[in-house]
Amino acid sequence: MRKKSKKFVKFCNKMVIKRLILYERMKSLEQDIEKIYREHMKTVQNYIFCLCNNKSLAEDVTQETFYRAIKAIKKFRGDCKMQVWLCQIAKNVLFKEQKRKRKIVLVSMNSEIGDIMDSFMADTNVEEEVIEKEQRVELYKQIQKLEGPTKELVCLRLTTELTFKDIAYFLGKTEAWARVEFYRWKEKVKGGEKYETK
């Protein structure tokens, strides 16, 4: 009888230790997830907003992105930055959502853009604010006319702190392509010309 009770006690001790270790890991993972969310939520949301130009859709996609990232966190290999991985998930979520709805999100330049961009502005005089708002609206119009990888490149570069190397990795292109394409787009916008993708 003693052998069985000793085995049972050992078994129980092992189970308690395993549960404590699991509890500590879950607690640590929960803190890591909160940190990742705080650090990258705005970046992901800005990137998606730049792609779809719809604030509520960008918020929904951002929430779904972090939900999927939490479920797949063990699959993150670390061969790219966390931001790149999250933006890729977000892009896939956005495309699935658009496909599900069977509509292409059209650009609507309404007061929503002005409201969002105003929240980023510092206190300035009204005249400067109006000029800046007009410039931002024109910039968004230019971005929304872009297609494919060039649009993603510009959105990622303007809304995230990713390097050209990270963006190129994300898009499956070379760093040189990312630098040259962004530079060409920037020069066209500065010159007042409309940028056309090849």
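Source: prediction; values computed, not measured.

Y47, I48, W85 and L86 are the most contacted members of the largest nonpolar core, which totals 41 residues. Ignoring sequence-local partners within four residues, the contact set of Y47 consists of C87, K91, E152, C155, L156, T159 and F170.

Turning our attention to unusual backbone geometry. The phi dihedral of N53 falls on the positive side, at around 55°, and the residue is not glycine. The buried category is assigned to N53, whose relative accessible area is 2%.

Mapped onto the elements of the fold, Q83 is located in helix 3 (residues 82–101). A relative accessible area of 11% means that Q83 is categorised as buried. Reaching out from Q83, the side chain makes a polar contact with the side chain of T43 at a distance of 3.3 Å.

Quick look at the packing of aromatic side chains now. Throughout the structure, instances matching the rule amount to four aromatic pairs. Plain terms: the ring middles of Y47 and F170 are 6.0 Å apart, the flat faces sit at 85° to each other, and that makes the pair edge-to-face. Pair noted here: Y47 is in helix 1 (residues 2–52) and F170 is in helix 7 (residues 164–171), with a separation of 123 residues, a long-range link. Here the two residues Y47 and F170 agree in accessibility, since each one is buried.

Okay, the confidence of the model for the protein next. Across the protein, the average pLDDT comes to 75, with 72% of residues at 70 or higher. Looking at the elements of the protein, mean pLDDT is at its lowest for helix 4 (residues 111–120), recorded as 50, and at its highest for helix 2 (residues 55–71), recorded as 89. This model gives residues 103–114 a pLDDT under 50, and the stretch forms 21 contacts once residues within four places in sequence are excluded.

About the thresholds
- Residues numbered from 1 in each chain as written.
- Predicted model: local features only at pLDDT ≥ 70, side-chain atom pairs only at ≥ 80, totals over all residues.
- Heavy atoms only, no water.
- Core = buried A, V, L, I, M, F, W, Y, C linked by side-chain atoms within 4.5 Å.
- Buried < 20%, exposed > 50% of the residue type's maximum accessible area, 1.4 Å probe, protein only.
- Contact = heavy atoms within 4.5 Å.
- Helix = DSSP H or I, 4+ residues; strand = E, 2+ residues; numbered from the N terminus.
- Polar contact = N/O pair within 3.5 Å; in protein donor to acceptor, adjacent residues only side chain to side chain.
- Phe/Tyr/Trp six-rings, centres within 6.5 Å; stacked < 30°, edge-to-face > 60°.
- pLDDT = per-residue confidence, 0-100.

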